[in-house]
Amino acid sequence: MFTRVKSAVVSFMGGIMAGSSGLEHVNGSDLPVRFSYTRPEFLGLSPDEIECSADHIARPILILKETQRLPWSTGYAEVINAGKSTHNEDQASCEVVFVKKKSGVQSTPNKNSSSKRRSSLPNAEGLQLKDNQEVDGITFHYWALFDGHAGAGAAVVASKLLHHHIAEQIPDIIDILKNSAVLPPTCLGEEPESTSSNSRTLTRAASLRGGSGAPGSPSTPPTRFFTEKKIPHECLVIGALENAFKEMDLRIERERSTYSISGGCTALIVVYLLGKLYVANAGDSRAIIIRNGEIIPMSSEFTPETERQRLQYLAFLQPHLLGNEFTHLEFPRRVQRKEVGKMMLYRDFNMTGWAYKTIEENDLKFPLIYGEGKKARVMATIGVTRGLGDHDLKVHDSNIYIKPFLSSVPEVRVYDLVQHEHSADDVLVLATDGLWDVLFNEEVLEAVTSFLANCDPDDPHRYTLAAQDLVMRARGVLKDRGWRISNDRLGSGDDISVYVIPLEHGNRVS
Amino acid sequence: MAYAYLFKYIIIGDTGVGKSCLLLQFTDKRFQPVHDLTIGVEFGARMITIDGKQIKLQIWDTAGQESFRSITRSYYRGAAGALLVYDITRRDTFNHLTTWLEDARQHSNSNMVIMLIANKSDLESRREVKKEEGEAFAREHGLIFMETSAKTASNVEEAFINTAKEIYEKIQEGVFDINNEANGIKIGPQHSTPGSPGSHLGGQQAGGGCC
Ligand SMILES: Nc1nc2c(ncn2[C@@H]2O[C@H](COP(=O)(O)OP(=O)(O)OP(=O)(O)O)[C@@H](O)[C@H]2O)c(=O)[nH]1
Ligand SMILES: [Mg+2]
């Protein structure tokens, strides 16, 4: 992510940051940091090891040593950037979370890390650790990747807290989720209907009777008058995840008054709950499933290019957000003053194609979205359009906030794990853009498939080794002209983090 | 903890020669009897004193197994010292030294101090490589030489500390450009020039992340 908010940082340095020493205080305050910089807890690194990991010259690939720390024999590897930021701004966390009905949440860590986990629980209130009692609640598995920009603060905070926000969304719906035979009730407290019931569609006569306003006696069951949407169970989980992201973002916003939380981050998470995998993505990390030698994309990226129409429409509705500096229209290139009055290609929020318009004075303003591919920026500032944090991010040398254009809403995709048989070589690959910037999905497929095929099926480290192999392929080796990968292509100078999650374990647990 | 200098070391050599055990003995004063194959890179650190100065050794323990060779090779860069280890009870580990040395010379900076270590000296009855052979190899290639045992701790301290002394002397002689972090040497915080906090040192003392 490091290149994606360059000008934003320039703005911090030149503006608020002038004379200051580090970006941890981008709020211009001396507030304490919420959580200090760290590497993923499951790596179990000492401060000395964390120091070694930040070597921008040799760029050591860190791997998960104790495989039993992560569920399902999940593999993990990461590497720091080539020197653009002091810290590795990617963060990762992985938890098995037990949610109690109604009262409280508990985090059930994996065997060995339990004591560590306990001591580092960010808000110990009401979080007591007990043995799993599935009757009283429900367990979900959680894997997360965060890619920070303009400071590590938001990514660290999200990696420590997002799963708690997910857990908070669950207690009210535990019984509903567990009772798969009955559709979620539309209104809590009313008699639930069985899935087979077709009584929801009422005759026109009945609805007309109802419409006429004749009240039933208090003892008659509530009558419905119109067709009613059937909401499947998985939609409640999707809703819970969407709300959790929103709450996380609001929390970062709130806590800015007490703590310094620098920058923003993308978030890509996977939740396994009741036989299904939910992949929620806000940002430009990516998840793919590799099954039987085929790729199943599980996320899409949110960038100025992919979200152009949403951003243009917002700017069209609320032009003041552009601070009189930008135009919401898109042109193939910057418009020059001498072109006023001429006809030029453009597109508006409601177009995917292009048309000609007469250039006016207003069109000379800087375009809301400018640049192509990885260089595309919103208001010349940020290259990713969904994520958490960034509440203080402004356009360079101005008072124009970027945040209104950013969304914390994830896109959630569902994969029915138990519906499919999986072999030991079928995996879910999650990685930050450091990987995907330099490797195509097909190359990742090819690498993972051939690596796992040549790896002892009983090696407990096989998925971590596959992750290390991917990071190595994306980082490459340092040659005279920088980091190089296969075919002498440029390697990734960005932070790279990769999970390789075997899917056959999902079949086993259920 | 404050230090005058930080030296980065790398430990290399065939799988099973005792690289991880040497590191563990040096940092934790323990011996690990079972072979826990290193599958990437592991780190250790310890403070030593040379010439009255606190020196922090940052040690990278690499994987000796052939399949990790390209990853291991990529870690030579930016090391000030290397411990090249063979096992006196396995002649093949001695025979492979030339390959290791070529790798090291090709991928590291030319001033890197290399210490040749003949490990497992406690297993005298199973010795396959004579001490003289190791000494001869070291002399021929300009390396320092030492026989050690990660099990009994014999010469382990000396191996790490003598390497540091050699690096320290090279610094005194002005051979190392200590301002170039790619040489595997960092100057401690108390050495940094006033007025330029964190200057070329980059490193961890500088505040938060930046882009
Ligand atoms: N007797 C004896 N055994 C040793 C000594 N050093 C290491 N060993 C044993 O040799 C085996 C391999 O040691 P490691 O330190 O794990 O080997 P390594 O060089 O790190 O191997 P890789 O990680 O695969 O590259 C272990 O079983 C150790 O107990 C020693 O000085 N004496
Ligand atoms: Mg080892």
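Residues numbered from 1 in each chain as written. Chains lettered and ligands numbered in written order. Predicted model: local features only at pLDDT ≥ 70, side-chain atom pairs only at ≥ 80, totals over all residues. Heavy atoms only, no water.

Side note on the coordination of the magnesium ion (ligand 2)
Residues and elements named next belong to chain B.
Then comes step 1: Taken together, the protein ligands of the magnesium ion (ligand 2) are Ser20 (OG) and Thr38 (OG1), with distances of 2.0 to 2.1 Å. Placement of the pair is Ser20 in helix α1 (residues 19-28) and Thr38 in the loop between α1 and β2 (41-50), with a sequence separation of 18 residues.
Then comes step 2: When its relative accessible area of 25% is taken as the criterion, Ser20 is described as partly exposed.
Then comes step 3: According to the relative accessible area criterion, Thr38 is buried, its value standing at 8%. (Donors = N, O, S within 2.8 Å, 3.2 Å for Na, K, Ca; no water. Helix = DSSP H or I, 4+ residues; strand = E, 2+ residues; numbered from the N terminus. Buried < 20%, exposed > 50% of the residue type's maximum accessible area, 1.4 Å probe, protein only.)

Focus: the pattern of salt bridges
Residues and elements named next belong to chain A.
Then comes step 1: Following the criterion strictly, the structure yields 40 salt bridges over all chains and no others.
Then comes step 2: Between Lys160 and Glu41 there is a salt bridge, and its shortest N-O distance comes to 3.8 Å. Pair noted here: Lys160 is in helix α4 (residues 153-169) and Glu41 is in the loop between α1 (6-14) and α2 (47-53), with a separation of 119 residues, a long-range link.
Then comes step 3: A relative accessible area of 18% places Lys160 in the buried class. (Salt bridge = Lys/Arg side-chain N within 4 Å of Asp/Glu carboxyl O.)

A closer look at the site of ligand 1
Residues and elements named next belong to chain B.
Then comes step 1: Close to ligand 1 lie 24 residues, the nearest being Thr15, Lys19, Gln32, Gly64 and Ala150.
Then comes step 2: Between ligand 1 and the protein, one listed contact pairs an oxygen atom with a side-chain N or O atom of Lys120 at 3.0 Å.
Then comes step 3: With respect to ligand 1, the backbone of Lys151 contributes an N or O atom lying 3.3 Å from an oxygen atom.
Then comes step 4: Surface burial for ligand 1 is 92%, taken as the share of its 660 Å² of free accessible area covered by protein chains.
Then comes step 5: Sorting elements by how many residues they give to the shell around ligand 1 places α1 first, with 3 residues.
Then comes step 6: Taken together, the residues that form the shell around ligand 1 break down as 9 nonpolar, 10 polar and 5 charged. (Near = heavy atom within 4 Å. Polar contact = N/O pair within 3.5 Å; in protein donor to acceptor, adjacent residues only side chain to side chain. Areas by Shrake-Rupley, 256 points an atom, 1.4 Å probe, with all protein chains shown as cover. Nonpolar A, V, L, I, M, F, W, Y, C, P; charged D, E, K, R; others polar.)

Digging into the pairing of strand β11 (residues 343-346) of chain A
Across a regular strand the side chains alternate sides, sitting on one face of the sheet and then on the other.
All names here are of chain A.
Then comes step 1: In β11, alternate side chains face the same way, and those of Met344 and Tyr346 are buried while those of Met343 and Leu345 on the opposite face are not.
Then comes step 2: Of the pairings in the sheet, the one linking β11 to strand β12 (residues 355-358) comprises 4 bridges and is antiparallel in character. For Tyr346, the partnering residue across the bridge sits in β12 and is Ala355. (Pairing = 2+ DSSP bridges.)

Section: the sheet that holds strand β1 (residues 62-63) of chain A
Residue and element names in this part refer to chain A.
Then comes step 1: With antiparallel pairing, the 6 strands of this open sheet are ordered in space as β1-β2-β21-β18-β8-β9. With partners counted over all chains shown, the strands left at the sheet margins are β1 and β9 (294-297), one partner each.
Then comes step 2: Bridge count between strand β8 (residues 286-291) and β9: 4 bridges; the pairing is antiparallel. Opposite Ile290, over in β9, you have Ile295 as the bridge partner.

Notes on the pairing of β2(B)
Residues and elements named next belong to chain B.
Then comes step 1: Here β2 lies mainly inside the structure; 7 of its 10 residues are buried.
Then comes step 2: One ladder, built from 10 bridges, connects β2 with strand β3 (residues 53-62); its direction is antiparallel. Bridge pairing links Val41 to Thr62 in β3.
Then comes step 3: Taken together, β2 and the strand that follows it, β3, pair antiparallel across an intervening segment of 2 residues, in which Asp51 is found at a positive phi of about 55°.

Quick notes on a nonpolar patch on the surface
Then comes step 1: Where nonpolar side chains cluster on the molecular surface, the patch consists of A:Tyr313, A:Phe316 and A:Leu317 and spans about 300 Å² of accessible area.
Then comes step 2: Structurally, A:Tyr313 is set in helix α8 (residues 308-317). (Patch = residues over 30% accessible without salt bridge, like charges linked within 9 Å, V, L, I, M, F, W, Y side chains within 5 Å.)

Things to note about the side chain of A:Asp249
Residues and elements named next belong to chain A.
Then comes step 1: With respect to the helices, strands and loops of the structure, Asp249 is situated in helix α7 (residues 233-255).
Then comes step 2: A relative accessible area of 9% means that Asp249 is categorised as buried.
Then comes step 3: At a separation of 2.8 Å, a polar atom in the side chain of Asp249 contacts the main-chain amide nitrogen of Gly389.

Here we look at the packing of aromatic side chains
All names here are of chain A.
Then comes step 1: For the structure shown, the criterion picks out 18 aromatic pairs over all chains.
Then comes step 2: A ring pair is formed by Tyr313 and Phe316, whose centres lie 6.3 Å apart and whose planes are at 20°; its orientation type is stacked. A residue pair is termed a helical-turn pair when its members lie 3 or 4 positions apart in one helix, as Tyr313 and Phe316 do in helix α8 at 3 residues.
Then comes step 3: A residue is classified by how much of its surface remains accessible, and Phe316, at 40% relative accessible area, is partly exposed.
Then comes step 4: Here Phe366 and Tyr370 contribute two aromatic rings whose centre-to-centre distance is 5.1 Å and whose plane-to-plane angle is 65°, an arrangement assigned as edge-to-face. (Phe/Tyr/Trp six-rings, centres within 6.5 Å; stacked < 30°, edge-to-face > 60°.)

A closer look at the environment of B:Gly52
All names here are of chain B.
Then comes step 1: On the secondary structure map, Gly52 appears in the loop between β2 and β3.
Then comes step 2: Taking relative accessible area as the criterion, Gly52 reaches 70% and is therefore assigned exposed.
Then comes step 3: Along the chain, Gly52 and Gly174 lie 122 residues apart, while their C-alpha atoms are 19 Å from each other.

Concerning the domain arrangement of chain A
Interface size is often expressed as the accessible area that is lost when the parts come together.
Then comes step 1: Segmenting chain A into domains produces domain 1 (32-100 + 137-181 + 231-301 + 408-507) and domain 2 (307-383).
Then comes step 2: Computed over C-alpha atoms only, the centres of domain 1 of chain A and domain 2 of chain A are separated by 34 Å. (Domains from an automatic or database assignment.)

Notes on the environment of A:Glu305
All names here are of chain A.
Then comes step 1: One can find Glu305 in the loop between β9 and α8.
Then comes step 2: Classification of Glu305 as partly exposed rests on a relative accessible area of 41%.
Then comes step 3: Linking Glu305 and Leu321, residues 16 residues apart in sequence, is a C-alpha distance of 19 Å.
Then comes step 4: When near neighbours in sequence (up to four residues on either side) are disregarded, Glu305 contacts Gly371, Glu372, Gly373 and Ala376. (Contact = heavy atoms within 4.5 Å.)

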